[in-house]
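If you want the building blocks of each chain, they are given just below.
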Amino acid sequence: MGVRLAGGPDPAGTTVAIEQPAQWTCALVNNMPDGAFDATERQFLGLLNAGSGPETVVVTRHTMVGVPRGDRIRARIAAEYRPLEDITSTPPDLLIVTGSNPIEARIEDEPYWADLHGLLKWASENVPVMVLSCLAAHAALAVFDGIERTTLPVKCTGIFAQEADPTHPLAAGLDGPLVLPHSRLNAVPAETVAAAGYAVALHSEEVGWSVVTKAVGISQAVLFQAHPEYDPSSLVREYGRDVRRYAGRERDEPPCLPRDCVTGPDWDELRRLHERVLGGDRDPALVAEFPFDEISARAPWRWRGAALCMYANLLATIPKRSA
């Protein structure tokens, strides 16, 4: 059956009536900026759809006030998304809160902090499992453990090798070489989350923990510093956005080239562009003519199997609503 959206089109774009019983319900809170809003929704729904197999997950979609929105996304939210407060009236089995573009140095100064803080506290008392991605994961560490994130000297971005704990429920079946994408400006050290009682499911020797879990109240909090939901073009598209802004002098902070986001000649071509732009050739035309779309289309999806396995394992930890 897979994912069914309450009050909107399903992931294939067809409006459906919710008639079959739901084995699980999920509230997805999408806080990504407009440029990544649609893709983020599609990516998380895709993982739920594949991870649920023949079972049904009914998903409601929400977002938080405070994230700047343009007209198109604002209209989508008005037509297809539900108010955030609707989550508390009918607690879901699974809450997913995406990351967001960090604006403030202190996470507590983000414009939606009061809503995010309140949602996390409520979820810890009412939701069996909550998946918290990137900024939302760092928010959970601040709310539940008093742990502050730190700003990295350079952006952590790329595909990184992983080590899985085979005894962790989320890592069951993850055999062989593993990689996951990371893309973040902030971090919390692995030893800090371990000292706070979090179990590490996946960890990278290069960039720290990727997935950790901990019981908080009645809820199992699943925190992601990695982005298993990313599709193979995500990092290339992020880099294309950043290098365009840099070349066009919309920003003076140099872009970071994501590690191993593509392979072979595509990587060589991308690296040459990066070296030219950072070497002083801040020419918007140079970036505009670069074949980002073609390179993105050839990017390998080396973490897809691991991502699907993790989400299947995740749903297996949540009691079903019907037999």
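Per an unreviewed UniProt entry, the protein chain carries the name Homoserine O-succinyltransferase and comes from Mycobacterium paraense. Of the protein chain, the UniProt comment under Subcellular location (unreviewed entry) reads exactly: "Cytoplasm".

Caption draft 1: Geometry of the nonpolar core. Grouped together as the largest cluster of nonpolar side chains are 56 residues, with contacts concentrated most on Leu-48, Val-59, Leu-94 and Phe-292. The greatest single-element share of this core, amounting to seven residues, is contributed by helix α11 (residues 304-316). In this structure, Val-59 is in contact with Val-3, Arg-4, Leu-5, Ala-6, Cys-26, Leu-28, Leu-45 and Leu-48, ignoring residues within four places of it in sequence. Listed in part, the 38 residues of the second largest apolar core include Ile-87, Phe-144, Val-188 and Val-193.

Caption draft 2: Highlighting the pairing of strand β2 (residues 24-29). Burial analysis of β2 places six of its six residues in the buried class, which makes it a mostly covered element. With six bridges joining them, β2 and strand β3 (residues 56-62) adopt parallel strand pairing. Across the sheet, residue Cys-26 finds its bridge partner in β3, namely Val-59. In the classification by handedness, the crossover that spans β2, the intervening helix α1 (residues 34-51) and the parallel β3 is right-handed. As defined by bridge partners, β2 adjoins strand β4 (residues 94-97) across four bridges and the pair is classed as parallel. When the bridges of β4 are listed, Leu-28 appears paired with Ile-96.

Caption draft 3: Seen up close, the UniProt feature "site: Important for substrate specificity" (unreviewed entry) in the protein chain. Mapped onto the present numbering, the UniProt feature "site: Important for substrate specificity" (unreviewed entry) falls on Ser-183. Mapping Ser-183 onto the fold places it in strand β7 (residues 178-187). Look at Ser-183 and you get buried, because its relative accessible area is 8%. Ignoring sequence-local partners within four residues, the contact set of Ser-183 consists of Cys-134, Lys-155, Cys-156, Thr-157, His-227, Tyr-230, Leu-235 and Glu-238.

Caption draft 4: Spatial organisation of the environment of Arg-72. Here Arg-72 lies in helix α2 (residues 71-80). Sequence separation of Arg-72 and Leu-170 is 98 residues, and the distance between their C-alpha atoms is 37 Å. Here the side chain of Arg-72 touches Asp-38 through a polar contact of 2.7 Å, side chain to side chain.

Caption draft 5: Spatial organisation of the pairing of β3. Of all seven residues making up β3, seven are buried, and the element is well covered by its neighbours. Residues Thr-56, Val-58, Thr-60 and His-62 line one face of β3 and the alternating positions Val-57, Val-59 and Arg-61 line the opposite face, and both faces are buried. For strand β1 (residues 2-5) and β3, the ladder comprises four bridges, and the chain directions are parallel. The residue bridging Leu-5 from the neighbouring strand is Val-59, located in β3.

Caption draft 6: Geometry of the layout of surface pockets. When its volume is computed, the largest pocket comes out at roughly 1,000 Å³. Lining the largest pocket are 47 residues, and of these Met-32, Pro-33, Asn-101, Glu-238 and Arg-241 sit closest to its centre. Those elements that place two or more of their residues in the lining of the largest pocket are α1, α5 (135-145), β7, α7 (234-247) and α10 (292-297). It is α7 that contributes the most residues to the lining of the largest pocket, nine residues altogether. The residue inventory of the lining of the largest pocket, partitioned by class, reads 18 nonpolar, 16 polar and 13 charged. What the second largest pocket holds in volume is close to 210 Å³. Taken together, 15 residues line the second largest pocket, and the ones lying closest to its centre are Thr-25, Thr-60, Arg-82, Thr-90 and Pro-92. The set of elements that each furnish at least two residues to the lining of the second largest pocket consists of β2, β3 and α3 (86-89). Counted by class, the lining of the second largest pocket contains seven nonpolar, five polar and three charged residues.

What counts, and where the lines are drawn
Counting starts from 1 at the beginning of each chain's written sequence and moves along it residue by residue. Since the coordinates come from a predicted model, pLDDT governs what is reported: local features require at least 70, and pairs of side-chain atoms require 80 or more to be given and counted, while whole-chain, interface and lining totals use all residues. In computing side-chain properties, one takes all heavy atoms of the structure into account and sets aside hydrogens as well as water. UniProt positions are given in the numbering used here, feature names are shortened, and annotations may be inferred rather than shown by experiment. As used here, the term nonpolar core means buried Ala, Val, Leu, Ile, Met, Phe, Trp, Tyr and Cys residues forming a set that is joined through side-chain atoms within 4.5 Å. With a 1.4 Å probe rolled over the protein chains alone, any residue whose accessible area is under 20% of its type maximum counts as buried; one over 50% counts as exposed, and the rest are partly exposed. What counts as a helix is a DSSP run of H or I of at least four residues, what counts as a strand is a run of E of at least two, and both are numbered from the N terminus. Contacts between residues were defined by any pair of non-hydrogen atoms, one from each residue, lying within 4.5 Å. By the convention used here, strands pair only if DSSP detects at least 2 bridges between them. Handedness rule for crossovers: strands pointing away from the viewer, path from the first strand over the helix to the second running clockwise, crossover right-handed. Whenever two N or O atoms come within 3.5 Å, that pair is a polar contact, provided that in protein one can donate a hydrogen and the other can accept it, and provided that, for residues adjacent in sequence, both atoms are side-chain atoms. Any residue with an atom within 4 Å of a point lines the site, the site being either a cavity, points on a 1 Å grid over the protein atoms alone where a 1.4 Å probe fits but cannot get out, or a pocket, an open set with protein on both sides within 12 Å along at least 5 of 7 lines. Grid points are joined across faces, edges and corners, and a volume is the space filled by probe spheres set on the points. Gly falls in the polar group here, along with every residue not listed as nonpolar (Ala, Val, Leu, Ile, Met, Phe, Trp, Tyr, Cys, Pro) or charged (Asp, Glu, Lys, Arg).

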